[in-house]
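# Topology and contacts: notes
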Amino acid sequence: MGIIKKFFNNAGRPEGILGKFMVSGMNKGHAKIAEWGLSNFDEGSDPRRIIELGCGGGQNVKNLLEKYPGARIMAFDYSEVSLAKTRSVNKDAVEDGRVRLRKGNVGELPFKDERFDMATAFETVYFWPGPVLSFKEVWRVLKPGGGFIIVNASDGTTKVDKRWSNMIDHMRLYTKKDLENYLYDAGFKNVIIEHNADKHWICAKAYK
């Protein structure tokens, strides 16, 4: 495996020194899509317990803390590198108890039923097992009426998308229709897809 392919394969599960470079780059490289995604979150909502699934470089945890100052956030990832970076970026909030970190696989979430008001997934569902299996797990840990928000910078329709999926092992890209179908199959009752057709960005909002 060449060094370039090896580096980008850290997108799914950052490990080692290359993984540390990857998660640092995520915070800058994903800033615009993250800002757009957050702008599509429901105004007026006030979730108290949020789980950030695939917390990556930790910037989205920080953004969520700013948007929902009354919330407590569970930062969840299966990469030690990602959890370490998230802890560093959110050091004060971790010390204050507003952010907790947990390692695990989204296909088998280690939480009780109906624990969270909101679940978020920024640039990460490409690597999830299933994905219906994983989406069912998210559905399970959400309270009735809770929302699951997916933000993707790729809508699976461009030549560039195919190039990325060929370069990165186990990466699957989804169209907006794919996500809608999978979310309904997982049990969500109402799915709303926001789509920036020019940039091929997707924000899927699903409610239990």
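Residues numbered from 1 in each chain as written. Predicted model: local features only at pLDDT ≥ 70, side-chain atom pairs only at ≥ 80, totals over all residues. Heavy atoms only, no water.

## Describing the confidence of the model for the protein
Defined as follows: Confidence of the predictor at the level of single residues is captured by pLDDT, which takes values from 0 to 100. We call two residues in contact whenever any of their non-hydrogen atoms come within 4.5 Å of each other.
Taken over all residues, the pLDDT of the protein has a mean of 86, while the share at 70 or more is 81%. Counting interchain partners and residues more than four positions distant, the pLDDT-below-50 stretch residues 1-12 has 29 contacts. Within the model, the stretch residues 17-21 combines pLDDT values under 50 with nine contacts to residues more than four positions away or in other chains.

## What about the sheet that holds strand S5 (residues 142-152)?
Test applied: In this scheme, strands are said to pair when DSSP sees at least two bridges between them. A run of H or I in DSSP becomes a helix once it reaches four residues, and a run of E becomes a strand once it reaches two; helices and strands are each numbered from the N terminus. Angles run from 0 to 180 degrees between N-to-C directions of axes, and those axes are lines fitted to C-alpha atoms, restricted for helices to the stretch in contact.
Spatially, S3-S2-S1-S4-S5-S7-S6 is the arrangement adopted by the seven strands of the open sheet, whose pairing is mixed. At either margin of the open sheet sits one strand with a lone partner, and together these are strand S3 (99-103) and strand S6 (190-196). Neighbour to neighbour, the strand axes of the sheet diverge by 15° on average, direction disregarded. In this structure, S5 lies alongside strand S7 (residues 201-207), joined through six bridges in antiparallel fashion. Pairing of Asn152 across the sheet is with Ile202, part of S7. Helix H9 (residues 176-185) contacts S5, S6 and S7 of the sheet and is inclined by roughly 165° relative to S6.

## Details of the pattern of salt bridges
The test is simple: Counted as salt bridges are all cases of a side-chain nitrogen of Lys or Arg within 4 Å of a carboxyl oxygen of Asp or Glu. We call a residue buried when its accessible area falls under 20% of the maximum for its residue type, exposed when it is over 50%, and partly exposed in between, using a 1.4 Å probe and counting protein chains only.
Tallying each qualifying case throughout the model produces ten salt bridges. Among the ionic pairs, Asp42 bridges to Lys205, the shortest N-O distance being 3.5 Å. Taken together, the positions of Asp42 in the loop between helix H3 (31-39) and strand S1 (49-53) and Lys205 in strand S7 put the pair 163 residues apart, joining distant regions of the chain. Using a relative accessible area of 7% as the deciding quantity, one classes Lys205 as buried. Among the ionic pairs, Arg140 bridges to Asp113, the shortest N-O distance being 2.8 Å. Taken together, the residues Arg140 in helix H7 (residues 132-141) and Asp113 in the loop between S3 and strand S4 (116-122) connect sequence positions 27 residues apart. One salt-bridge network, in which partners are shared between bridges, spans Asp42, Glu194 and Lys205.

## Notes on the environment of Gly104
Turning to its location among the elements, Gly104 is positioned in the loop between S3 and S4. The sequence separation of Gly104 and Leu53 amounts to 51 residues, and the corresponding C-alpha distance is 9.9 Å.

## What to know about the packing of H7 against H9
Our working rule: Note on angle classes: values under 35 degrees are labelled roughly parallel, values over 145 roughly antiparallel, values of 65 to 115 roughly perpendicular, and the remainder oblique. Here is the rule for handedness: rotate from the far helix to the near one, and if that takes an anticlockwise turn smaller than a right angle the crossing is left-handed, while a clockwise turn gives right-handed.
Running from N to C, H7 and H9 cross one another at 55°; their axes reach a closest spacing of 8 Å. It follows that H7 is oblique to H9 by the angle criterion. Of the two elements, H7 crosses H9, and the hand of that crossing is right-handed. Between H7 and H9, the residues in contact are Val132, Phe135 and Lys136 and Leu179, Tyr182, Leu183 and Asp185, respectively.

## Focus: the nonpolar core
Within soluble globular proteins, side chains that are nonpolar generally end up buried alongside one another. Quick note on the threshold: What we call a nonpolar core is a set of buried Ala, Val, Leu, Ile, Met, Phe, Trp, Tyr and Cys residues that are connected through their side-chain atoms within 4.5 Å.
In this structure, Leu53, Trp128, Phe135, Phe148, Leu183 and Phe188 are the most contacted members of the largest nonpolar core, which totals 28 residues. Elements with a contribution of two residues or more to this core: S1, strand S2 (72-77), S4, H7, S5, H9 and S7. Other than its neighbours up to four places away in sequence, Leu53 contacts Phe76, Val106, Leu109, Ala119, Thr120, Ala121, Thr124, Trp128, Val138 and Phe148. The next biggest cluster of nonpolar side chains, apart from the first, holds 23 residues, and it includes Leu38, Tyr68, Ala71 and Val151.

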